[in-house]
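# Structural characterization, general
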Amino acid sequence: MFGNLFEEDDEEGSSSISSKGRVLKGPEEPPPPRGRSNLCGIKNQGGTCYLNSLLQTLLFTPEFRGELFSLGPEELGCLEDKDTPGAKESVRVIPLQLQRLFARLLLVDQQSASTAELTGSFGWNTTEGTNQHDVQELNRILFSALEHSLVGTSGSSFINRLYHGTIVNSIVCKECGNVSQRQEDFLDLTACVCGVSSLEEALWNMFVEEEVFEGNNLYRCAQCNKLVTAAKSAKMRKLPPFMTMSLLRFSFDFAKCERYKETGRYSFPLSINLRPFCELREGEDSDYSYELFSVIIHKGGCYGGHYHVYIKDIDQLGRWEPPEDDSKPKTKKKTTDGKVYAPKPQEDDPLSILTAIIGQEPSKTVLVDQLGQKLMDKFGFSWNKKFKKQYGAIGKFLQSHSDVFMLVSNGSRVALKVNPPSPMTEPTGPEQCTDSGVGTTDVRAEGDQEAEDLPEGSHWFDLNDSTVTSIREADIEKQFQGKESAYMLFYRKTQLLRPPQALNNPQYKVPSQLIKMAEEENAKLQQTREEFEATNNTIELHLHLAPLYKLENGALQLICKEQEGTTTLSFDRRKTVGDLRLTIYQMQDPWDGDMALTVAKSLPAGLHLYNTLTDDGVSLYSAGITNNTDLFVWNGKEVCGAAVLTGAEWEPVLLTVVRPFLGLDSEINMEDTGDEDHPLCEGQAPGLRREARGFAGAATLGEVKAALGEPKDSVLCQEARGRVERGTGEGGGASGWRVFPPDDMQRTLKELSLKDGDALLVLEPQSFDSSVFTLNGNVVTVTTPSDCRWLEVEHQPNIRHGEKEEEPNKVKVLATGNTLLMEVKQRALEKIQELEQRLLEGAEYCLRQVDCTGKLLPPVCEELSVREAGVRLMTTLMLCCGRAPKASQLFLNFSVGVAPSAGLEMDIIVEKTFTVKECLKQMLDAVGLDGTGWHLRRLDWCEEVGEPLMDEDAPLPDLKINNGETLIITEGQLPPKGFLKLCVWLFEGESRPCTHNGFTEETVNGGNHVPLCGCASPELRDVGQVEISDEASLDDLKTQVLTLPALSDLCVPTCAFLRLWQLEGRRLGRVLRGPQLTLRKLKLNSGTSICIQQLFKEEDLGPKEVVLSVKMGVPGEGRYYPTEELLWDASKDPSPRSLRSCLASHYGLSPDSLLLAKFQPDKHNWEEISSWNQQVSKKKKKKRTESLLGGPFHLTDGDTVGVKNLLIDNNRDFCTTEDRLCQQRLREQAQMNTGDQATGFNCVEQKKKGRQAKVRKPEVGLSISVGEFR
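The sections below set out a description of the structure shown in this document. (Residues numbered from 1 in each chain as written. Predicted model: local features only at pLDDT ≥ 70, side-chain atom pairs only at ≥ 80, totals over all residues. Heavy atoms only, no water.)

Let's shift gears to the overall build of the protein. When helices and strands are tallied, the protein shows 24 helices and 59 strands. Within the protein, the fraction of its 1270 residues that count as buried is 47%. Long-range pairs, those at least 24 residues apart, make up 70% of the contacts in the protein between residues at least 6 apart in sequence. (Helix = DSSP H or I, 4+ residues; strand = E, 2+ residues; numbered from the N terminus. Buried < 20%, exposed > 50% of the residue type's maximum accessible area, 1.4 Å probe, protein only. Contact = heavy atoms within 4.5 Å.)

Laid out in structure tokens, this is it:
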């Protein structure tokens, strides 16, 4: 009835537990147990909320449930025979699957059950599970299907017995009194809502008010044989045990020619007497009295929405608790010894503290290993420091107070005896399940005691797919009106009383074979949860054995560098330190003497020891041992005869000790020789020798000096950080060092803020006799020798069309730190002209430095000297076309609209005194743009368009805009502070969910159907702009986007059915994920363009779930099958092997037969994805994890991955004919490029003129397939 719309709640999803301290690879997480309500929900298949609501209503109709369970296998057959030839005609699948579903909902300990088997018996496919229908229509079709399925059985008429009623319609002739009657049957009554304020009024209009035929609307009486005045009325002749009322919430507006939903107030009673509406009114009031027990609620509009149901638990199968709003005033709890514990415990009483911690848990149980951590989190102190000395270990304290606490789950959890844990939360073993059914007996004792204290109107629950919550009876009144309002009402006769044995007994009248099935499933679930918990608590420990280490330079070093110094041990973190010690004893048998286990950490200086595990009774979790923790196994005193200092204060620092080394030849003295095999040359400056030495962080500078064996009159210096005074050696091959004053000799390395890698220069007094070292006050200048005073200038000749590319010309220019850069440029120009034997074209040239990545830095100011400009001697400068800035000017890069690619930005020189507005005007003049609707933005740290420059009258230096910075000219006025203006686009094409059963068989030439992420330039329609606060969440943005007038015809149940992409130009950038993240954290800026994509199921992408576009190559041809969308979860394993396995599962192929490649749209080529060997760490001797999310592939949302099946396709080339043509065009454009990068920048996007209204998908009829039974 409502088209192809649906909504699915993700309440039963996996919990977001941090993986810290756990092994990442493990079994799939089992379904969670039932919640506090002790009732089971139903999973939503995508759009089956209407089915879930009706099934829960039927389940909580005890008489319906009893009639269904009364049908045995001798009448219904067995599901095992449904595919057996000859016997399948006698198997009534629908009632059998309904029995199994009801048994699971009653007895199996899981948060929600699946209806896949039941809908499969309906003949529905997976697509039908995503179509939403009318629950009133389903009610009639399901009852009809059950009646047809039960033909020839004892239950063939139970639907009629429970729900069938009759209405008699009478027409009375006003002249002769003749009465004409017609009887009709009903399973549910349809009550009018439009123009009516209550259910009683609607029934009065239906069964009490008479319709008079008069005037032009006369009635032909059969007895009078003429048109006469008559009165028509209707009465109920037979009342069923259960009365179903369907409310006509949806109407049609003939003026607007569209449907709409009645949202006005429409009340209905909790109990109703139908005597005034019946034909026969004799009998007791109880014969006509009904009470409300179920309300199906619809939330949304007439074209889609969501169903959930309020149900009264007649048999009290669930545990009703006051809703959170009502339970805020907490009462005091009593223990069995008579003591009263207030909600706020005394901090000196461990008994009240532990009782309060356990009582505040939803499950009323706590893992024993986590009890100490919860004590620390809630009260700020640990058990060992506050209570252990007086009361002993926490485990012994729990055992000594067995009158208050009890240990469950084999001693791994603790609960309060006054409030024992729910067996649904703490499942019992298989042998206990046999005795207690599904383990609800323990709850009933407490439930019976509390039943008398429950308030009136309790035992009402809200069953919303997988979620079950307690509600008050008064909450039903909230569903009288609004977009979320009552849609179907279910009443039962007050005469229907339940036997005492049915109360709190979910096994009542359940067949034994279904009880056995539930017990087996509970046992399997319990085993799966125990295995999952055991796997989740297994951590890897790295053991370092003392005999393999020695103490050197303040840290522990391996004696033999080639030997592996660690032993990996997998261990359960719930076990104690004593268990770990015993395990290591058995591994290292024999071990002489005591064994100490100390937490260690690998530092640049070596292995350092911290705290020692002394309490053998504490679990590893309580001791703070996490996954991949390093433990040092030793005697606790010394290693190889040397005492070892432990603790953070003795943490070693790896310093670079620098000494004069004037006797080296010129080849070794060259800076950055790159000879990694030479022990002294790596990264050293001329005239200096560097050596790495480790020292304890608590050692004083004087002790370091003594350890180096230096005389007392020697000088220790630290390399100057930041700028030093002019003349002390900045640039020009000189460096500055600050001398430590005598007072610093008594300060420790940590007090001096010395860190790993800091350099320490050691000079003797005679060193200052050399010209290399100069002492000026407290600054030592180390000057580069004269034979190294030069600069290299490189020039790339212009390449004309048709000419062969030439090697760049390089010349060396003699220079010192005081040489002006203008002179360096002039000398370089003369030498290059002589070398090229021609005059250089262009009026102006400038010198630019190059960073380590090869990127050109801003031109240097030629009015400064080499030293003043910060240019080091023996480096390379690029001679480029362009003007060099003066000392009073700034060189800025800029782009229009989007962040520029490398080398594509434009540049401009402005005065430092310019304001932002003046700078913007000069940039607009440079690119030929007019108007005031522009503003400037910075680039953020990840090279994307960042925050706007809000103060247009502020000078550039005040905003810390430095030389060489890139600014973006963005269209639009400056947004208000804290508010964003976002451009919204809608993907016009057809989208579909990811498939996981192989690719769809379509024509090789493809069609119009491609996923959004597969489009280089997707078909987009501009739907407007939204203004929203940057503190709003992503869900708030989706909600506000749906309010745009252009999206009024876009119907989605919830925001989770929308995917938002950030656009970069007209290309897809990234998927915005994290429903509760603010737009500021998502780094959205004003003017950003976003694209909406409608999904067929809810989506909540994790941070490492990547949306990829995959294309399977056609064997033997240079083209691909139609593009498909693939969701790859790279959170556990981002390696190529994981992606290959995911694609193999997607296409139904072997992983070893697949060849993968990533498409690079900018270059129109493919980069083959294969396992590669990354650099091996010299210290850990372990390979780094291969990750496709990092270099060199950097897989992100929207990337295209090509797939080839090597079993049938030997061609490893992924390029198509179109790719080769595009590559040829790119090469031609590169040759013809004259450097005018401003051409082609057009930031004003033209909007599409024709806006066609979206065609709503055709509505799909609802049907249930039933076999032929006799």
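Text resumes after the structure shown.
Attention now goes to the packing of aromatic side chains. The geometry of two aromatic rings is summed up by the distance between their centres and the angle between their planes. Per the stated rule, a full pass over the model turns up 24 aromatic pairs. Aromatic side chains Tyr163 and Phe242 sit 5.8 Å apart centroid to centroid with 35 degrees between the ring planes, which places their arrangement in the tilted category. In this pair, Tyr163 is assigned in helix H7 (residues 158-163) and Phe242 in strand E10 (residues 242-248), connecting sequence segments 79 residues apart. Pair check on accessibility: Tyr163 and Phe242 agree, each one buried. (Phe/Tyr/Trp six-rings, centres within 6.5 Å; stacked < 30°, edge-to-face > 60°.)

In this section: the sheet that holds strand E48 (residues 945-948). Judged by pairing direction, the sheet is mixed, and its five strands sit side by side in the order E46-E45-E49-E47-E48 without closing on themselves. Every interior strand has two partners, whereas the edge strands, strand E46 (906-911) and E48, have only one. Across this sheet, the average inter-strand angle for adjacent strands is 45 degrees, counted without regard to direction. Examined bridge by bridge, strand E45 (residues 889-896) and strand E49 (residues 966-971) share four bridges and lie parallel to one another. (Pairing = 2+ DSSP bridges. Axes fitted to C-alpha atoms, helices over the stretch in contact; angles between N-to-C directions.)

Phi angles above zero are rare outside glycine, and Asn225 is one such case at about 60 degrees. Position of Asn225 among the secondary structure elements: in the loop between strand E7 (219-221) and strand E8 (226-228). On the basis of relative accessibility, which here comes to 58%, the residue Asn225 falls in the exposed class.

Taken as a whole and assessed by the stated rule, the structure comprises 42 salt bridges. Notably, a salt bridge pairs Glu175 with Lys226, separated by 3.2 Å at the nearest N-O pair. Remark: Lys226 occurs in strand E8 and Glu175 occurs in the loop between strand E3 (165-173) and strand E4 (179-186); sequence separation between them is 51 residues. Judged by its relative accessible area of 40%, Lys226 is partly exposed. Here Lys550 makes a salt bridge to Glu552, at a shortest N to O gap of 3.1 Å. Overall, Lys550 belongs to the partly exposed group, its relative accessible area being 31%. Here the salt bridges share partners, and the residues they tie into one network are Glu63, Arg65, Asp315, Arg492 and Arg498. (Salt bridge = Lys/Arg side-chain N within 4 Å of Asp/Glu carboxyl O.)

This paragraph deals with helix H21 (residues 916-927). Along an α-helix, a turn takes 3.6 residues, which lines up residues three or four apart on a common side. For H21, with twelve residues, the first-to-last C-alpha span of 17 Å sits near the 16 Å given by 1.5 Å per residue. Inspection of H21 places Val916, Cys919, Leu920, Met923 and Leu924 among the buried residues, and these make up the whole buried set. Across the axial projection of H21, the buried residues extend over an arc of 135 degrees, all falling on one side. At its buried positions, H21 is contacted by E45, E46, strand E47 (934-939) and E49. Immediately downstream of H21, the backbone of Gly928 shows phi near 75 degrees, a positive value. (Expected span 1.5 Å × (residues − 1). Arc of directions from axis to C-beta.)

With respect to the helices and strands, Gly155 occurs in the loop between helix H6 (135-149) and H7. A relative accessible area of 3% places Gly155 in the buried class. C-alpha separation for the pair Gly155 and Phe69, spaced 86 residues apart in sequence, amounts to 10.0 Å.

Among the nonpolar cores identified, the biggest contains 68 residues, and Phe64 and Phe102 are the most heavily contacted of them. Tallying contributions element by element places helix H4 (residues 93-107) first for this core, with nine residues. The residues touching Phe64, leaving out its near neighbours within four places in the chain, are Leu58, Leu98, Phe102, Phe143, Leu146, Phe158, Ile159, Leu162 and Tyr163. Membership of the second largest hydrophobic core comes to 35 residues, among which are Val193, Leu274, Phe277 and Cys278. (Core = buried A, V, L, I, M, F, W, Y, C linked by side-chain atoms within 4.5 Å.)

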